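# Examining the three-dimensional arrangement
What follows is each chain in one-letter form.
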Amino acid sequence: MKWILDNVEGARERAERGELCFGTVDSWLIWKLTGGAEHKTDYSNAARTMLYNIKELKWDEELLSLFNIPRSMLPEVQPSSSVFGYTDKALFGEEIVIGGACGDQQAALFGQCATNEGDIKNTYGTGAFLLMNTGDTPHISDSGLLTTIAWGIGEEVTYAVEGSVFTCGAAIQWLRDGMKLIESAQDSEYYAKKVKGSGGVMVVPAFTGLGAPWWDPYARGIIIGITRATNKYHIIRATLESLAYQTSDVVSLMRDVTGIEVSSLCVDGGASANNLLMQFQSDILGIPIERPTCIETTALGAAYLCGLTVGVYKSTEELKENKRLEAVFQPNMENEAREANLSRWREAVKRTLGWNTSQV
């Protein structure tokens, strides 16, 4: 916003005259759907702009002053489950209520019915995104976790901490497109099952650096532990296991930062369909993994928020009654083996850190 105002001719003057609006994707959609009648967003999306005070629930005057951004440009902020306006009748023939808006990962958390403090979900996409519900307390630290508003319902605001894993499903794509070890992403489980374990091989897919808890943009990927007995199946299996190890690192960090114990992990996203990965995830975390029948939890969460607004659902407890689990994976790895595996993983990660990326 600041760059546009400072560098686009006439932009700042137009903004100060109230002729320009700025917002997130949801506020743009609301503007379009209402025919320009409403310029609004919700708490969770406003929190992502880095201009919103997530404790006081208002645009932060100090930050607006620092960046010299007129308050008039920004959308009105309201609870995630509330009426944002009505669609222009010309669009669909009738006015339709817009009863919910929520950020991507926060909506996925809500779609998992993770409405209690300590509930946690992981979305296994190109990257992996873990969110933990921290109730009415924003846990702010310099640990590498993002503190955000999860959603607002009525007068109640729920906070969350988020940890990002840069490379998740992208590692499986690398096996397919880069290494040509598999023909499709679905094949990864089939080939990984051809060996009983990774044969001592560790893969750290730090292709674009490492996110939480390491936050090292200079880390680069590594395959370590190769012997004469290593074959492609070991590398495929080790790559799948790396997704579980990276998730485990973030869950451990969340426990340390919040002091909240985790009793189970809700999962969604494409790679959550991989049963071998989900079982290993349960083993390495030592907690059950719950996979719902509907893994499109972002869309589901937004729909649930709207349903609460218009009275389809009376409470979040009623939403939980609607949840169906497709599979639950229980841990069956001994503690000694779990700790040994995690220790080897951390040792492998250390060897990727601070790699000099300059060309020679």
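Quick summary incoming for the structure in this document. Sequence order as written defines the numbering, with residues in each chain counted from 1. Thresholds applied to this predicted model are a pLDDT of at least 70 for local features of residues and 80 or more for the giving and counting of side-chain atom pairs; totals over whole chains, interfaces and linings are not thresholded and use all residues. To obtain the side-chain values, all non-hydrogen atoms of the structure were used and water was disregarded.

## Focus: the overall build of the protein
We count a stretch as a helix when DSSP gives it H or I for four or more residues in a row; a strand needs E for two or more, and each element gets its number in order from the N terminus. Counting its secondary structure elements, the protein contains 14 helices and 15 strands. Summarising its shape, the C-alpha atoms of the protein cover approximately 70 × 55 × 40 Å along the three principal directions. Exposed residues in this analysis have more than 50% of their type's maximum accessible area, buried residues have under 20%, and partly exposed residues fall in between, with area computed by a 1.4 Å probe over protein chains only. With 360 residues in all, the protein has 49% of them scored as buried. In these tables, accessible area is a Shrake-Rupley quantity obtained with a 1.4 Å probe, and a residue counts as shielded only by the protein chains included in the view. Counting only carbon and sulfur atoms, one obtains 52% of the accessible surface of the protein, whose full area is about 17300 Å².

## Re a nonpolar patch on the surface
Note on patches: the residues involved have over 30% relative accessible area and no salt bridge, like charges join within 9 Å, and the nonpolar side chains Val, Leu, Ile, Met, Phe, Trp and Tyr join within 5 Å. Here, a salt bridge means any side-chain nitrogen of Lys or Arg that lies within 4 Å of a carboxyl oxygen of Asp or Glu. Together, Val25, Trp28, Leu29, Leu33, Leu91, Phe92 and Ile96 line one region of the surface with nonpolar side chains, adding up to about 690 Å² of accessible area. At the level of elements, helix 3 (25-33) and helix 6 (89-92) are the ones that each hand at least two residues to the nonpolar patch. No other element matches the four residues that helix 3 contributes to the nonpolar patch.

## Observations regarding the packing of aromatic side chains
For any two aromatic rings, the description comes down to two numbers: the centre-to-centre distance and the angle of the planes. In this scheme Phe, Tyr and Trp rings, the latter by its six-membered ring, pair at centre separations within 6.5 Å, and the angle between planes marks the pair as stacked below 30 degrees, edge-to-face above 60, and tilted otherwise. Enumeration according to the criterion identifies nine aromatic pairs in this entry. Ring centres 5.9 Å apart and planes at 20 degrees place the aromatic pair tyrosine 191 and tyrosine 233 in the stacked group. With tyrosine 191 in helix 9 (residues 187-192) and tyrosine 233 in helix 10 (residues 232-258), the pair connects residues that are 42 residues apart, well separated along the chain. With 5.4 Å between their ring centres and 80 degrees between their planes, tyrosine 245 and phenylalanine 280 make a pair best called edge-to-face. Of this pair, tyrosine 245 sits in helix 10 while phenylalanine 280 sits in helix 11 (residues 275-285); the two residues are 35 residues apart in sequence, bridging distant segments of the chain. An identical accessibility class is assigned to tyrosine 245 and phenylalanine 280; each is buried. Through successive ring pairs, a cluster of aromatic residues spans Tyr190, Tyr191 and Tyr233. Over the face of the ring belonging to tyrosine 233 we find lysine 194, whose NZ or CZ atom lies 6.0 Å from the ring centre. Positioned above the aromatic ring of tyrosine 191 is the side chain of lysine 232, whose terminal nitrogen or guanidinium carbon lies 4.8 Å from the ring centre. Two limits define a charge over a ring: the Lys NZ or Arg CZ must be within 6 Å of the ring centre, and within 35 degrees of the ring normal.

## Let's talk about the nonpolar core
Side-chain atoms within 4.5 Å link the members of a nonpolar core, which is a set of buried Ala, Val, Leu, Ile, Met, Phe, Trp, Tyr and Cys residues. If you look at the biggest cluster of nonpolar residues, it comprises 55 residues, and the most contacted ones within it are Ile120, Tyr124, Met254, Leu265 and Ile284. Take this core: its biggest share by element is 11 residues, from helix 10. Tyr43, Leu51, Leu74 and Val157 belong to the second-largest nonpolar core, a separate cluster that totals 18 residues.

## Quick look at the state of the cysteines
In a disulfide, the sulfur atoms of two cysteines are covalently bonded to one another. Defined by distance alone, a disulfide is two cysteine sulfur atoms within 2.5 Å. Considering all chains together, one arrives at zero disulfides under this definition. Its sulfur unpaired, cysteine 294 is 10 Å from the next cysteine sulfur, which belongs to cysteine 113. Note on cysteine 294: relative accessible area 32%, which makes it partly exposed. Residue cysteine 306 stays outside any disulfide, its sulfur separated by 12 Å from that of cysteine 102, the closest cysteine.

## Quick word on unusual backbone geometry
For the bond from alanine 212 to proline 213, the omega torsion is 0 degrees, close enough to zero to count as cis. When you line up the elements, proline 213 lands in the loop between strand 11 (202-204) and strand 12 (222-224). Its identity is not glycine, yet lysine 180 carries a phi of approximately 60 degrees, on the positive side. Here lysine 180 shows up in the loop between helix 8 (169-178) and helix 9.

## So, a negative patch on the surface
In this tally, Asp and Glu contribute negative charge and Lys and Arg positive charge; neither His nor the terminal groups of the chain are included. Here the site of a charge means NZ on Lys, CZ on Arg, CG on Asp, or CD on Glu. A contiguous patch of negative charge, built from Glu117, Asp136, Glu155 and Glu156, is present on the exposed surface. When its relative accessible area of 51% is taken as the criterion, glutamate 117 is described as exposed.

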